[in-house]
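# Summary of structural features
Now for the letters of each chain:
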Amino acid sequence: MALIVHKYGGTSVGSPERIKNVAKRVAKARAEGHDIVVVVSAMSGETNRLVALAHEMQEHPDPRELDVVLSTGEQVTIGLLAMALKDIGVDAKSYTGWQVALKTDTSHTKARIESIDDEKMRADLAEGKVVIVAGFQGISSEGNISTLGRGGSDTSAVALAAALKADECQIYTDVDGVYTTDPRVVPEARRMDTVTFEEMIELASLGSKVLQIRSVEFAGKYKVRLRVLSSLQDGGNGTLITFEEDDNMERAAVTGIAFDKNQARINVRGVPDKPGVAYQILGAVADANIEVDMIIQNVGSEGTTDFSFTVPRGDYRQTIEILSKLQDSIGAAAIDGDDTVCKVSAVGLGMRSHVGVAAKIFRTLAEEGINIQMISTSEIKVSVLIDEKYMELATRVLHKAFDLG
């Protein structure tokens with residue numbers, strides 16, 4: 001008998017019929033002798049509906065009250081799933097995040113998990129119950145309902161699996177595993193039986209939407225065994241995210257191709273080439289809680305430098321405004337940018353033992369006439385910033401160039 005945490009996203013519980021199908025899947029696992037804890041998201045589209053309602057009340061909704069509103073989506077789902085299980089003869093009990101209690105810090109709408117009280121869950125499991133927990137939410141150190149941010153249900157599931165020392169955390173979604181790239185862009189994309197945590201973290205951070213990056217980081221920190229499976233079809237082993245490197249890993253330079261449209265490039269041109277300029281630029285952006293990704297600095301021959309970096313597309317206008325106000329104080333000749341760019345990345349542990357991966361990427365894109373604007377590398381990834389109109393073409397040709405089909 002194993003202790004397994006199931007997590008079902010919004011699509012998987014998007015209708016009463018799908019909730020009943022989840023109940024049947026959970027009942028089957030319970031009948032096989034496993035202890036089951038289920039974490040669910042709100043029904044598909046519900047969180048967006050609640051956000052829209054909040055904005056009808058306030059242009060900028062109060063964060064504490066917004067969390068109160070948003071947390072209701074998962075509360076509906078846990079109750080419905082508990083009813084569906086009881087209707088087919090499976091004893092179940094639902095809990096909101098604060099009832100568990102999943103304790104967080106005080107950062108409303110983007111809280112971080114601090115601790116989990118597993119006493120109630122263990123008592124219910126000992127009595128043969130299926131435990132159902134609302135994902136995405138908890139209770140802050142001040143006693144307020146808190147939410148973990150978009151994708152937080154994945155993080156809730158992994159955190160519960162870590163607290164309960166579960167044998168496996170199974171993430172059920174609308175795809176049957178992790179693919180070498182998005183099959184909607186490259187029909188030849190292949191589902192991987194296994195992928196390492198290092199690779200999955202890179203893929204998640206670079207645009208792969210299968211798993212939320214915080215959940216992968218959490219799993220890596222607490223050594224939680226993760227598996228991605230489909231809730232919409234029966235059978236299959238999905239993709240196991242593992243700590244062990246495959247024996248064949250050394251033969252594959254690249255494991256997958258990821259892409260991200262949520263990119264904008266900022267250029268700060270002609271600033272004095274002296275210590276502290278980079279801090280003046282990026283410090284102001286960081287103070288506005290804007291995340292910076294790729295960074296390039298090109299030193300000129302006349303004591304000036306051009307400084308370029310990327311930010312999320314939604315922060316593009318704000319970043320331009322912030323830096324325009326600083327233009328005179330930092331001595332910049334111009335501030336401009338482009339919000340029609342995207343990032344395409346190749347990821348693979350095999351890069352550690354293969355030379356020429358970056359060169360192959362650059363040659364492949366050059367042969368298609370795709371210009372590279374920025375480059376970022378790590379030990380196991382190469383990312384390029386290109387015009388977004390070439391995103392799908394770049395993904396297809398790189399997927400083919402590294403024989404990932």
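Before reading on, note that the structure itself is shown above.
Only a predicted model underlies this, so the values are computations on that prediction, with no experimental measurement involved. (Residues numbered from 1 in each chain as written. Predicted model: local features only at pLDDT ≥ 70, side-chain atom pairs only at ≥ 80, totals over all residues. Heavy atoms only, no water.)

## Observations regarding helix α13 (residues 391-401)
Residues lying three or four places apart along an α-helix face the same way, a consequence of the helix completing one turn every 3.6 residues. Among the residues of α13, Met-391, Ala-394, Thr-395, Val-397, Leu-398 and His-399 are the ones counted as buried. Against β13 (256-272), β16 (334-347), α12 (357-367) and β18 (381-387) lie the buried residues of α13. Phi turns positive, to about 55°, at Asp-403, one or two residues after α13. (Buried < 20%, exposed > 50% of the residue type's maximum accessible area, 1.4 Å probe, protein only. Helix = DSSP H or I, 4+ residues; strand = E, 2+ residues; numbered from the N terminus. Contact = heavy atoms within 4.5 Å.)

## Overview of a nonpolar patch on the surface
A contiguous nonpolar surface patch, about 270 Å² in accessible area, is contributed by Val-76, Leu-80 and Met-83. Along the chain, the position of Val-76 falls in helix α4 (residues 72-87). Residue classification places Val-76 among the partly exposed positions, given a relative accessible area of 45%. (Patch = residues over 30% accessible without salt bridge, like charges linked within 9 Å, V, L, I, M, F, W, Y side chains within 5 Å. Areas by Shrake-Rupley, 256 points an atom, 1.4 Å probe, with all protein chains shown as cover. Salt bridge = Lys/Arg side-chain N within 4 Å of Asp/Glu carboxyl O.)

## Brief notes about the environment of Val-311
By secondary structure assignment, the location of Val-311 is in strand β15 (residues 304-311). Measuring from C-alpha to C-alpha, the distance between Val-311 and Ile-266 comes to 7.5 Å, with 45 residues separating the pair along the chain. When sequence neighbours within four positions are dropped, the list of residues in contact with Val-311 reads Asn-262, Gln-263, Ala-264, Ile-266, Ile-290, Glu-291, Val-292, Tyr-316 and Thr-319.

## Topic: the nonpolar core
Nonpolar side chains in soluble globular proteins tend to be buried together. With 43 residues, the main nonpolar core has Cys-169, Leu-211 and Leu-226 as its most contacted residues. Per-element accounting of this core gives the leading share, 7 residues, to helix α7 (residues 152-164). For Cys-169, the contacting residues outside a window of four places in its chain are Val-5, Ala-157, Val-158, Ala-161, Val-224, Arg-225, Leu-226 and Arg-227. In this structure, Ala-2, Ala-23, Ala-92 and Ala-134 belong to the second largest nonpolar core, which totals 25 residues. (Core = buried A, V, L, I, M, F, W, Y, C linked by side-chain atoms within 4.5 Å.)

## Some thoughts on the pairing of strand β12 (residues 239-242)
Residues Thr-239 and Ile-241 point to one face of β12 and Leu-240 and Thr-242 to the other, with burial holding for every one of them. For strand β10 (residues 194-196) and β12, the ladder comprises 3 bridges, and the chain directions are parallel. Note that in β12 the partner of Val-195 across the bridge is Ile-241. Where strand β11 (residues 226-230) lies against β12, 3 bridges are found, and the strand directions are antiparallel. Counted as the bridge partner of Arg-227 is Leu-240 from β12. (Pairing = 2+ DSSP bridges.)

## Brief notes about unusual backbone geometry
Residue Ala-101 follows Val-100 across a cis peptide bond; omega there is 0°. Relative to the helices and strands, Ala-101 resides in the loop between α5 (97-100) and β4 (102-104). Of note, the phi angle at Thr-109 is positive, near 75°, even though the residue is not glycine. Looking at the element boundaries, Thr-109 is found in the loop between β4 and β5 (113-116).

## Thoughts on the sheet that holds β5
As summarised here, the arrangement of the 4 strands in space is β5-β4-β7-β8, forming an open sheet in which the pairing is mixed. Lying at the two open borders of the sheet, with one neighbouring strand each, are β5 and β8 (145-147). Averaged over all pairs of adjacent strands, the angle between their axes in this sheet comes to 45°, without regard to strand direction. Here 2 bridges tie β4 to strand β7 (residues 137-140), and the two strands are oriented parallel to one another. (Axes fitted to C-alpha atoms, helices over the stretch in contact; angles between N-to-C directions.)

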